[in-house]
Amino acid sequence: MEWLVPNKLMVAAVAPFEELEQYAMEAIEAKIPLGDEDNVSIKREYDMKVPPLFEKWMVDTIDEMFWLHKDVGGIFGNTKDKMRIIKMWANEMHKGDQHQPHMHQYSLYSFTCYIRTTNDDAPFYFIWNETGNPVHIDANSTGHALIFPANLIHTVYPKRTDDVRISVSGNVVIDVDKT
């Protein structure tokens, strides 16, 4: 695990990668549309089931590294047992595709994990100052997750290469009804 920007943006190697890859490929094969608005969504985003081992890994990683969900972040009495992934989706990105600037409301954390990437792929871009912060995606990004507070505005620049990039994304919440 490595902070790219302390308490804002972290990259980590996904431990249960095989499970995540299997669920992603099943979602892409099923092609159940996510249903996001066309002006924000990339063309091929598909609803995905939450892999149980991956969810545990994600919650443990967030609990170890981030503080927004803890007392210091203003949420008192929370434990990682109340955190869960509320939604996940698989993304297929083809040459020319891009994801417009957006953020994920109603969640504490969001993530993107890379299943298939190549060199010189479209950068993931965070906008928190006048210049923004690109995260360059290349062949080494496969098997890694970007984890960040859900209210960070982000975008994906147009894909420049001919091959297909596959990623999964999702949102983590505190489930106040979970005991």
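Let me begin by describing the structure that accompanies this report. Computed from a predicted structure; not experimentally measured.

This brings us to the nonpolar core. Within soluble globular proteins, side chains that are nonpolar tend to cluster in buried spots. Ranked by internal contacts, the top residues of the largest apolar core, which has 31 residues, are Leu20, Phe54, Met58, Phe111 and Val168. At the level of secondary structure, the elements contributing two or more residues to this core comprise strand 2 (9–13), helix 1 (17–30), strand 3 (44–48), helix 2 (52–65), strand 4 (83–93), strand 6 (109–116), strand 9 (144–149) and strand 11 (165–174). Counting 13 residues, the second largest nonpolar core, distinct from the first, contains Leu9, Val11, Met93 and Tyr114.

Non-glycine residue Asn7 carries a positive phi angle of around 55°. Structurally, Asn7 is set in the loop between strand 1 (2–5) and strand 2. Although it is not a glycine, Tyr106 sits at a positive phi angle of roughly 70°.

Okay, the layout of surface pockets next. Empty space within the second largest pocket amounts to approximately 170 Å³. The wall of the second largest pocket is formed by Glu2, Leu4, Val11, Tyr114, Val135, His136, Ile137, Asp138, Asn140, Ser141, His144 and Leu146. When contributions to the lining of the second largest pocket are tallied by element, the ones reaching two or more residues are strand 1 and strand 9. Class assignment for the residues of the lining of the second largest pocket results in six nonpolar, four polar and two charged.

Taken N-terminus to C-terminus, the directions of helix 1 and helix 2 make an angle of 125°; their axes are 8 Å apart at the nearest point. It follows from the interaxial angle that helix 1 and helix 2 lie oblique. Note that helix 1 runs across helix 2; the crossing there is left-handed. Residues Glu19, Leu20 and Tyr23 of helix 1 touch helix 2, and the partners they reach there are Pro52, Leu53 and Phe54. Here the residues of the contact of helix 1 with helix 2 are counted per class, giving five nonpolar, no polar and one charged.

About the cut-offs
- Residues numbered from 1 in each chain as written.
- Predicted model: local features only at pLDDT ≥ 70, side-chain atom pairs only at ≥ 80, totals over all residues.
- Heavy atoms only, no water.
- Core = buried A, V, L, I, M, F, W, Y, C linked by side-chain atoms within 4.5 Å.
- Buried < 20%, exposed > 50% of the residue type's maximum accessible area, 1.4 Å probe, protein only.
- Helix = DSSP H or I, 4+ residues; strand = E, 2+ residues; numbered from the N terminus.
- 1 Å grid on protein atoms, 1.4 Å probe; cavity = no way out; pocket = protein on both sides within 12 Å on 5 of 7 lines; lining within 4 Å.
- Points joined across faces, edges and corners; volume = space filled by probe spheres on them.
- Nonpolar A, V, L, I, M, F, W, Y, C, P; charged D, E, K, R; others polar.
- Axes fitted to C-alpha atoms, helices over the stretch in contact; angles between N-to-C directions.
- Parallel < 35°, antiparallel > 145°, perpendicular 65-115°, else oblique.
- Left-handed = near helix turned anticlockwise from the far one by under 90°.
- Contact = heavy atoms within 4.5 Å.

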